[in-house]
Amino acid sequence: MKDANDTMKMVEKQHNRNTTRFEENSKITNKKMDELGTFELNILKSFDTFSDIIEKIQNRPEFKEYKMEGVQLPKYDAETIKEVSVGAGVLLGGLGGAAVGTAGGFAAAGATTSAVMALGTASTGTAIASLSGAAATNATLAALGGGALSAGGGGIALGTSILGAATLGVGLLVGGAIFNVTGGKLSDKAEEARKQVEKEEKTINKICLYLEQLNVAANRFYETLRCVKQMYDETIAKMKYIVYDLEKTDWNMFDEREKMQVQNAVLLVQLLYKMCQVSLVNKAENEDGMNSVNQKEINNTIDSAEEVMRKVA
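Residues numbered from 1 in each chain as written. Predicted model: local features only at pLDDT ≥ 70, side-chain atom pairs only at ≥ 80, totals over all residues. Heavy atoms only, no water.

J.: Sorry if this is basic, but what is going on with the overall build of the chain here?
T.: Within the chain, the secondary structure is distributed over 9 helices and 6 strands. The burial tally for the chain puts 45% of its 313 residues in the buried class. Accessible area of the chain: about 15,600 Å², with a carbon and sulfur share of 50%. (Helix = DSSP H or I, 4+ residues; strand = E, 2+ residues; numbered from the N terminus. Buried < 20%, exposed > 50% of the residue type's maximum accessible area, 1.4 Å probe, protein only. Areas by Shrake-Rupley, 256 points an atom, 1.4 Å probe, with all protein chains shown as cover.)

J.: What is the right way to read the nonpolar core from this model?
T.: Within soluble globular proteins, side chains that are nonpolar generally end up buried alongside one another. Counting residues in hydrophobic clusters, the biggest one holds 67 residues, and the most contacted among them are Phe47, Phe50, Ile54, Phe221, Met239 and Leu280. Those elements that provide at least two residues to this core are α1 (2–54), β2 (71–73), α2 (78–94), α3 (102–109), α7 (183–245), α8 (256–275) and α9 (295–312). Considering each element in turn, this core owes the most residues, 18 residues, to α7. Residues within four places of Phe221 in sequence aside, it is in contact with Leu36, Glu40, Met275, Val278, Leu280, Ile298, Thr301 and Ile302. In this structure, Ala4, Ala190, Ala193 and Val197 belong to the second largest nonpolar core, which totals 6 residues. (Core = buried A, V, L, I, M, F, W, Y, C linked by side-chain atoms within 4.5 Å. Contact = heavy atoms within 4.5 Å.)

J.: What is the right way to read the packing of α1 against α8 from this model?
T.: Any two packed helices are characterised by how steeply their axes cross, that is the angle between the axes, and by the distance between the axes. One can describe the packing of α1 onto α8 by two numbers: an axis separation of 11 Å at closest approach and a directional angle of 150 degrees. Classified by the angle between their axes, α1 and α8 sit roughly antiparallel to one another. Handedness of the crossing formed by α1 with α8: left-handed. The residues of α8 that touch α1, namely those facing Glu40, Ile43, Phe47, Phe50 and Ile54, are Val262, Ala265, Val266, Val269, Leu272, Tyr273 and Met275. Residue classes in the contact of α1 with α8 are distributed as 11 nonpolar, no polar and 1 charged. (Axes fitted to C-alpha atoms, helices over the stretch in contact; angles between N-to-C directions. Parallel < 35°, antiparallel > 145°, perpendicular 65-115°, else oblique. Left-handed = near helix turned anticlockwise from the far one by under 90°. Nonpolar A, V, L, I, M, F, W, Y, C, P; charged D, E, K, R; others polar.)

J.: How do you make sense of the packing of aromatic side chains when you look at a structure like this?
T.: Aromatic ring pairs are defined here through the distance separating the ring centres and the angle between the ring planes. On inspection of all chains with the given rule, the structure shows 6 aromatic pairs. With a centroid separation of 5.7 Å and an interplanar angle of 90 degrees, the aromatic rings of Phe50 and Tyr76 are classed as edge-to-face. One end of the pair, Phe50, is in helix α1; the other, Tyr76, is in the loop between β2 and α2, and 26 residues separate them in sequence. Take Phe50 and Tyr76: they sit in the same class, and that class is buried. When the centroid spacing of 5.5 Å and the interplanar angle of 25 degrees are considered together, the rings of Trp251 and Phe254 count as stacked. Both residues of the pair, Trp251 and Phe254, belong to the buried class. Among the aromatic residues, those joined into a cluster by ring pairs are Phe50, Phe63, Tyr76, Trp251 and Phe254. (Phe/Tyr/Trp six-rings, centres within 6.5 Å; stacked < 30°, edge-to-face > 60°.)

In short, geometric facts, not functional conclusions.
Structure (structure tokens):
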């Protein structure tokens, strides 16, 4: 009975270590993903300023999709840009009281999802459009297929379910008293609990590795996105000066340098829009599976962004 009691104490300590490690990794990664998700939504919301300026320019050309070696950006679509801007604005209004991991869900799934688009087109009157604040955020998360780390579901859910299972048998000893259990049965229970915690630890190791990889990827992606956004802001400021201060609203009045500023702004909008489409997380194919970091697309997108920034600079 003493051996069983010692085993149970050891198991409980190991379980607590596993729980703490899982929670700490989850907290760090959720924070970074929330930061990235909020940043992406703010970028999409900022497209309304660009839309207002470019619509004042008459006789402007049609800006086609951009292609160069290793880089392809979608064709500029004014209506799509407006829709994601409105949708992102609605969501940002509801993030204040949202649970941890909510904004991270949009980064995990790609902020320019059909759900965000739906909020944009919904300004005409669908059910989701009548919602505001947290209600709109929750409805959109439902459309995405769930919240926390978010839109990533499986791997995290798997972790929390395993954590609860390891407590089996712990608590058989209460205040030193043993209730209707012989020494042999108690040893069996202690051994069963030990095996469960070992199984738990292997699962937690996998989940923590996934969270660490996602945190690193989110940091890299955020930094690249921040650099593109800074360049975009500088270009928008130049567009404002041309249209509002110089009062040039006809494309034919623009000199070559001014035309280049507008073309660069369109290029950066296309790039930012594409970056916000990237899903950082590949969802597991089944509920019991493990999510994975979408490393290939993240790397390709970062490479494309750096190439476009070199061109614009």
